[in-house]
Amino acid sequence: MTLSKTRQEKHKERHAAQKEIPILKETGRPKRSTKSAAGIPHAVFVKGIRGSDSILGQPLPQIAFVGRSNVGKSSTINALLGVHNIARTSRTPGKTQEINFFLVNDNTFFVDLPGYGYAKVPVKDAEQIRKHILWYLAGGEAHPKLIVLIIDARHGATADDRELMSIAGKEGHPLLVLINKIDKLSGNERTKCLREFTETYPTTEFIPFSATAKEGVTAVRKRLLGTTTGQ
Ligand code: GTP
Ligand code: MG
């Protein structure tokens, strides 16, 4: 007989515990979830919303991932959760249309927002997405504990990113910037990019990151969830 619990026992226990979480009682059995593994946060996809919803009233902190379309918001969520596709990613910008909620470690929501600033999205749709993001950040219904703004290391903060930083500031939302796709830069470009960011935004907390090369994953997990181990 072994003293440690088998994977199956742990899975059963988790499933039973999740049934007791009110939001999962309401939404039923999660459609997508990650497998438990040492040091890697566990997550279930709860639901996507397009406006007022009871999930906003849940007494759990929300960490919102925002940024330009195609910058890697969904890829970042997947990297932090140690999987490829709990958050849907795409080469086609504009893939994430709804505000998607993932329950992480049964105690925190990761919130994947639609991306802004993609030139080829029709003006009407872009305006709708903009309104949607503003509603989440500044409409008074959601109360994010932290905004994770993802920017592209090759382009730096765009005008839209700067506007978002300003909205987060006005609303009093703490901000963490991930400088994503850092794998695409050479050593010199990387040094220049990080130096410029520090000079332009001396008080903004940032972490160089790569969702595909997994750079910064452990540091960001620790910052967001206090989890220190695992990749
Ligand atoms: P929308 O939902 O459309 O706003 O996009 P998103 O910000 O969620 O981007 P997504 O995660 O879907 O990634 C877009 C593309 O960028 C995909 O082809 C990813 O593989 C790629 N990508 C994301 N992160 C990185 C990274 O760190 N490095 C590289 N090289 N590619 C990345
Ligand atoms: Mg996305």
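You'll find the structure just up there.
Presented here is a report on the structure given in the accompanying data block. (Residues numbered from 1 in each chain as written. Chains lettered and ligands numbered in written order. Predicted model: local features only at pLDDT ≥ 70, side-chain atom pairs only at ≥ 80, totals over all residues. Heavy atoms only, no water.)

### Things to note about the overall build of the protein
Of regular secondary structure, the protein possesses seven helices and seven strands. Across the 231 residues that make up the protein, the buried fraction comes to 45%. For the protein, restricting intrachain contacts to residue pairs at least 6 apart in sequence, the fraction spanning at least 24 positions comes to 68%. A total of about 12300 Å² of accessible surface is found on the protein, and carbon and sulfur atoms cover 51% of it. (Helix = DSSP H or I, 4+ residues; strand = E, 2+ residues; numbered from the N terminus. Buried < 20%, exposed > 50% of the residue type's maximum accessible area, 1.4 Å probe, protein only. Contact = heavy atoms within 4.5 Å. Areas by Shrake-Rupley, 256 points an atom, 1.4 Å probe, with all protein chains shown as cover.)

### Observations concerning the packing of aromatic side chains
As enumerated under the stated definition, the model contains five aromatic pairs in all. Ring geometry for phenylalanine 101 versus phenylalanine 109: centroids 5.6 Å apart, planes at 80 degrees, classification edge-to-face. Comparing phenylalanine 101 with phenylalanine 109, the two get one shared label, buried. Put simply, the rings of Phe197, Tyr201 and Phe206 pair up and form one aromatic cluster. (Phe/Tyr/Trp six-rings, centres within 6.5 Å; stacked < 30°, edge-to-face > 60°.)

### Digging into helix α5 (residues 159-171)
Under the 1.5 Å per step criterion, the end-to-end length of α5 is 18 Å for 13 residues, consistent within 8% with the ideal 18 Å. Packed against the buried residues of α5 are β2 (62-67), α4 (123-138), β5 (146-152), β6 (175-180) and α6 (187-200). Backbone geometry just downstream of α5 places glycine 172 in the positive-phi region, at approximately 75 degrees. (Expected span 1.5 Å × (residues − 1).)

### Focus: helix α3 (residues 73-80)
Taken across its eight residues, α3 has seven buried, putting it largely inside the fold. Every buried residue of α3 is listed here: Lys73, Ser74, Thr76, Ile77, Asn78, Ala79 and Leu80. Buried residues along α3 sit in contact with β2, β4 (108-112), β5, β6 and α7 (217-225). Residue glycine 82 follows α3 closely and has a positive phi angle near 70 degrees.

### Quick look at the sheet that holds β5
Taking strand neighbours across the sheet as the criterion, the seven strands line up as β1-β3-β4-β2-β5-β6-β7 in an open arrangement whose pairing is mixed. Of all strands in the sheet, those bounded by a partner on one side alone are β1 (43-49) and β7 (205-208). For this sheet, the mean inter-axis angle between neighbouring strands, taken without regard to orientation, is 25 degrees. Strand direction decides the pairing type here: β6 and β7, joined by four bridges, are parallel. (Pairing = 2+ DSSP bridges. Axes fitted to C-alpha atoms, helices over the stretch in contact; angles between N-to-C directions.)

### Details of unusual backbone geometry
A positive phi angle, near 50 degrees, is found at asparagine 105, a position not held by glycine. Mapped onto the secondary structure, asparagine 105 falls in the loop between β3 (99-104) and β4. Phi at lysine 181 takes a positive value of approximately 60 degrees, unusual for a residue other than glycine. Structurally, lysine 181 is set in the loop between β6 and α6.

### Some points on the side chain of asparagine 180
If you trace the backbone, asparagine 180 turns up in strand β6. If we skip the residues at most four places from it in the chain, asparagine 180 touches Val71, Gly72, Thr76, Ile150, Ile151, Asp152, Ala153, Phe209, Ser210 and Ala211.

### Points about the environment of methionine 165
Along the chain, the position of methionine 165 falls in helix α5. A sequence separation of twelve residues divides methionine 165 from valine 177, and the C-alpha atoms of the two residues are 9.3 Å apart. Each residue touching methionine 165, except ones within four places of it in the same chain, is listed here: Leu149, Leu175, Val177, Phe197, Tyr201 and Thr204.

### Quick notes on the pairing of β4
Burial analysis of β4 places five of its five residues in the buried class, which makes it a mostly covered element. Side-chain alternation along β4 places Thr108, Phe110 and Asp112 on one buried face and Phe109 and Val111 on a second face that is also buried. Note that β2 and β4 share four bridges and pair parallel. For isoleucine 63, the partnering residue across the bridge sits in β4 and is phenylalanine 110. Bridge count for β3 against β4 is five bridges, and the pairing is antiparallel. Directly across from phenylalanine 102, in β4, lies its bridge partner phenylalanine 110.

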